[in-house]
Amino acid sequence: MWRADHGDGVGWTQNTVDQGLVVNGNDVVAYGLFVEHHQKAQVQWNGENSRTYFFQNEMPYDPPNQAAWMDGAHRGYPADAVGDGVRNHEAWGLGSYCIFADDPTIVSDRAIAAPQRPGVRFHRMVTFSLGGGQGTIAHVVNNTGGPSDADTSLAMLTSYP
């Protein structure tokens, strides 16, 4: 799932799309999930017992500034968001990348947002700041791991929690 966010005839206010995928059902399994450039959470998981085997994501290139890309008190939106009420969710092999071409000072506080509970687990994650550090992903999951920025482009996290 892809939102055009660079090239001719596209822009932050011209072709708006909040999420790429919202999963409300239970027992959903995703293999090779690619979701890119949407303006809020790329994927929102609300159902129970879901699993992901490989997730690749690029955050939107085109937020005009940090104020335009805020998730409440959080700077930016997560690529992969698990709903607060979800009790069981697991994912393996997740990668999220940023290049905030219009404003490289933009920060996403986390690539993955998830409730902290035993049944919500992640394995083998990376974040990367592309274009020589044009933008920052401060943490991989919630407040753990990272950053990916101009000084440390690549962040890896083996497991969470």
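See the structure above.
Residues numbered from 1 in each chain as written. Predicted model: local features only at pLDDT ≥ 70, side-chain atom pairs only at ≥ 80, totals over all residues. Heavy atoms only, no water.

**Q** Give me the overall build of the protein chain: which residues, what numbers.
**A** A count of helical and extended segments in the protein chain gives zero helices and 13 strands. Going from the N terminus to the C terminus, the protein chain shows its helices and strands as β-β-β-β-β-β-β-β-β-β-β-β-β. For 161 residues, the compact-globule formula gives about 15 Å, and the C-alpha radius of gyration of the protein chain, at 15 Å, lands near that figure. Oriented by its inertia axes, the alpha-carbon framework of the protein chain measures out at about 40 × 30 × 30 Å. Counting all 161 residues of the protein chain, 50% fall into the buried class. Partitioning the contacts of the protein chain with sequence separation of at least 6, the portion at a separation of at least 24 is 63%. Surface exposure of the protein chain reaches about 7,200 Å², of which carbon and sulfur atoms provide 50%. The distance from the centre of the 9 positive side-chain charges to the centre of the 17 negative ones in the protein chain is 11 Å. (Helix = DSSP H or I, 4+ residues; strand = E, 2+ residues; numbered from the N terminus. Rg over C-alpha atoms; globule rule 2.2 N^0.38 Å. Buried < 20%, exposed > 50% of the residue type's maximum accessible area, 1.4 Å probe, protein only. Contact = heavy atoms within 4.5 Å. Areas by Shrake-Rupley, 256 points an atom, 1.4 Å probe, with all protein chains shown as cover. Lys, Arg positive; Asp, Glu negative; His and termini not counted. Charge placed at Lys NZ, Arg CZ, Asp CG, Glu CD.)

**Q** Can you tell me about the sheet that holds strand 3 (residues 43-45), naming the residues and giving the values?
**A** Spatial ordering of the open sheet is given by 1-3-7-10, a layout of four strands whose pairing is parallel. The outermost strands of the open sheet, each flanked by one partner alone, are strand 1 (21-23) and strand 10 (112-113). Note that strand 3 and strand 7 (residues 80-82) share three bridges and pair parallel. Paired with Val43 across the strands is Asp80, a residue of strand 7. (Pairing = 2+ DSSP bridges.)

**Q** Describe the packing of aromatic side chains, listing the residues and the values that go with them.
**A** Evaluated as defined, the whole model comprises five aromatic pairs. Seen in terms of ring centroids, Trp69 and Tyr77 are 6.2 Å apart; in terms of plane orientation they differ by 55 degrees. Their pairing is tilted. On the accessibility criterion, Trp69 (0% relative accessible area) is buried. Residue Tyr77 is classed as buried on the basis of its relative accessible area, which comes to 13%. Ring-pair connections join several aromatic residues into one group, and the members of that group are Tyr31, Tyr53 and Trp92. (Phe/Tyr/Trp six-rings, centres within 6.5 Å; stacked < 30°, edge-to-face > 60°.)

**Q** Go over the pattern of salt bridges, please, and point to the residues and values.
**A** This structure, assessed with the given rule, holds six salt bridges. When the shortest N-O distance is used, the salt bridge between Arg110 and Asp71 registers 3.3 Å. Taken together, the positions of Arg110 in the loop between strand 9 (107-108) and strand 10 and Asp71 in strand 5 (residues 70-71) put the pair 39 residues apart, joining distant regions of the chain. Accessibility expressed as a relative area gives 7% for Arg110, which makes it buried. The exposure class assigned to Asp71 is partly exposed, which follows from its relative accessible area of 27%. Linked through salt bridges whose partners overlap, the residues forming this network are Arg51, Glu90 and Arg121. (Salt bridge = Lys/Arg side-chain N within 4 Å of Asp/Glu carboxyl O.)

**Q** Go over the environment of Ser148, please, and point to the residues and values.
**A** Its place among the elements puts Ser148 in the loop between strand 12 (136-137) and strand 13 (154-160). Separated by 14 residues in sequence, Ser148 and Gln134 place their C-alpha atoms 9.9 Å apart. When near neighbours in sequence (up to four residues on either side) are disregarded, Ser148 contacts Thr127, Phe128, Ser129, Gly135, Thr136, Ile137, Ser153, Leu154 and Ala155. Polar side-chain contacts of Ser148 include one of 3.4 Å to the backbone nitrogen of Ala155. (Polar contact = N/O pair within 3.5 Å; in protein donor to acceptor, adjacent residues only side chain to side chain.)

**Q** I'd like to hear about the nonpolar core, residue by residue, with values.
**A** Met59, Phe122 and Met125 are the most contacted members of the largest nonpolar core, which has 31 residues in total. Among the secondary structure elements, those contributing two or more residues to this core are strand 2 (29-36), strand 3, strand 8 (89-98), strand 11 (120-129) and strand 13. (Core = buried A, V, L, I, M, F, W, Y, C linked by side-chain atoms within 4.5 Å.)

Such coordinate-based values are descriptive only and should not be taken to indicate function.
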